[in-house]
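Structural overview for review
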Amino acid sequence: MLDIKSIREDPDAVKERLATRGEDGSVIDHILEIDAERRQLITQVEQLKQERNSISKEIGVRKKNGESADDLLSGMKEKSDRISELDAQTNEVDEKQRQELLSLPNLPHGACPVGTSEADNPEVGCFGEKPTFDFEPKNHVELAESAGWLDFASAADISGSGYVVFNGQGARLERALIQFMLDLHSREHGYREVSPPFLIREAAMYGTGQLPKFREDMYGFEEEGLFLAPTAEVPVTNLFREQILPESDLPQKRVAYTPCFRREAGSAGKETKGLIRMHQFDKVELVRVVHPDTSFDALEELRREAETVLEKLGLHYRTIELCTGDLGFGAAKCYDIEVWAPGSDMYLEVSSCSNFADFQARRMQLRFKDENKKNQFCHTLNGSGTALPRLFVALIESGQQADGSVVLPEVLHPYFGGEVMIPE
């Protein structure tokens, strides 16, 4: 959520930064109109309360002197009734302003490249080379279905399209990847592992910015006010909701595995083959709560932690920085990490690493007490560390052999018990 004070102080600067995202700046004028109405109502209420207090004091004096105060009592009631009316109006305008602010995206950081679409995203990092084969490589569907590792047909019978059953060695590899990433981030990168609930209250979804904008993408139980987790970012970041942390407790670092559930509304026409776009998928997520002065340095660390996953697995990837027109709703700055899948002949996004600045913290009322005993908003960050099953896709397509087996990277040997995954 943007700071209304910043909007008041320099609306043109806010409009200019929103324009780089392709947003219409007229919404700022509308918010300021609402804000002026709200402040006018507050002024009226405060004036009436002062008048009521004066009347109350005069009533006390008259009663002390044994004089009648009937005329003042009727006037005091009128003031109180009017205050109640204006309070109700103020609450309505407050909520109107809150909804407008909740619907505004974050402002891009000044260092973000300016652009209108993903075509304007610069590549800022790369690791390894695209693997080569002396045979025609298969895509993951051909490779894994023939080996019995993936079963889309049974999943469709159970749940519909956009789901999969992992079988045998496929299920074992999925579990091994999750365990490897949790161990890496908790043991080497200093994150504290948590296992959060998968059902999330509406207030928490508002806190991290999934609501109100992305309601149609969520699987929800409206009658109970609960949603299935679209990403572990939501429950893990909300662990700090409405807290005031000691400055000495920053930074906070958490890692969690959850299944993720998304309707993928509006994604018709996008790549949907096999595992690439699913309604349910696994993900290991990294969350940081940090001091505002360190958040952009923390973003660079977060990016490297996600990249390290792919490097340890020996997978070729590229890292791109999102331009202003391609930023996610809540991000001030973001990197996407894309792994190469040779059988599918494409790069697949497996991680987005974002700094939200104080955008989420304002929505969640997440603060810290600084050295002057003043409450300040924290900065929050999150990144996929990384997402499956696209990682699964890249791994089996990159490690495939002519006979259909898959050579596993060395870091997975302790979890898998061998170098080669043999088809069942």
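Presented here is an overview of the structure given in this document. Since the model is a prediction, treat every value here as computed from it, not as a measurement.

1. Some remarks on the nonpolar core
One finds L173 and L391 to be the most contacted residues of the largest nonpolar core, which totals 54 residues. Looking at this core, the elements that each hand over two or more residues are α5 (140-147), α7 (168-188), β9 (252-261), β10 (280-290), α10 (295-312), β12 (333-341), β13 (346-355) and α12 (390-399). When residues of this core are assigned to their parent elements, the largest contribution, eight residues, is made by α7. Counting residues in hydrophobic clusters, the runner-up holds 24 residues, among them L2, V14, I200 and M218.

2. Describing the layout of surface pockets
One number sums up the size of the second largest pocket: a volume of about 520 Å³. Forming the walls of the second largest pocket are 20 residues, and the residues nearest its centre are M1, I4, L101, R362 and Q365. Elements that contribute at least two residues to the lining of the second largest pocket include exactly α1 (4-9), α4 (70-102), α8 (202-208) and α11 (359-364). Take the lining of the second largest pocket: its biggest share by element is five residues, from α4. A breakdown of the residues in the lining of the second largest pocket according to their chemical character gives eight nonpolar, three polar and nine charged.

3. Regarding unusual backbone geometry
With an omega dihedral of 5°, the bond running from L211 to P212 counts as a cis peptide bond. Position of P212 among the secondary structure elements: in the loop between α8 and β6 (220-221). The omega angle of the peptide bond from L388 to P389 is 10°, so this bond is cis rather than trans. Counting through the fold element by element, P389 comes out in the loop between β16 (379-387) and α12. The phi dihedral of E242 is positive, around 55°, even though this residue is not glycine. Structurally, E242 can be placed in the loop between α9 (233-237) and β8 (244-246). Even without being glycine, D345 reaches a positive phi, approximately 60°. Here D345 is to be found in the loop between β12 and β13. Residue class for D345 comes out exposed when judged on its relative accessible area of 56%.

4. Concerning helix α3 (residues 26-64)
For α3, built from 39 residues, the straight-helix expectation of 57 Å at 1.5 Å per residue is met to within 8% by its first-to-last C-alpha distance of 57 Å. Burial in α3 covers these residues: I28, I31, I34, D35, R38, L41, V45, L48, I55, I59 and R62. On its buried side, α3 packs onto α1, α2 (11-19) and α4. Of the residues flanking the end of α3, it is G66, one or two places downstream, whose phi is positive at about 75°.

Rules and cut-offs
- Residues numbered from 1 in each chain as written.
- Predicted model: local features only at pLDDT ≥ 70, side-chain atom pairs only at ≥ 80, totals over all residues.
- Heavy atoms only, no water.
- Core = buried A, V, L, I, M, F, W, Y, C linked by side-chain atoms within 4.5 Å.
- Buried < 20%, exposed > 50% of the residue type's maximum accessible area, 1.4 Å probe, protein only.
- Helix = DSSP H or I, 4+ residues; strand = E, 2+ residues; numbered from the N terminus.
- 1 Å grid on protein atoms, 1.4 Å probe; cavity = no way out; pocket = protein on both sides within 12 Å on 5 of 7 lines; lining within 4 Å.
- Points joined across faces, edges and corners; volume = space filled by probe spheres on them.
- Nonpolar A, V, L, I, M, F, W, Y, C, P; charged D, E, K, R; others polar.
- Expected span 1.5 Å × (residues − 1).
- Contact = heavy atoms within 4.5 Å.

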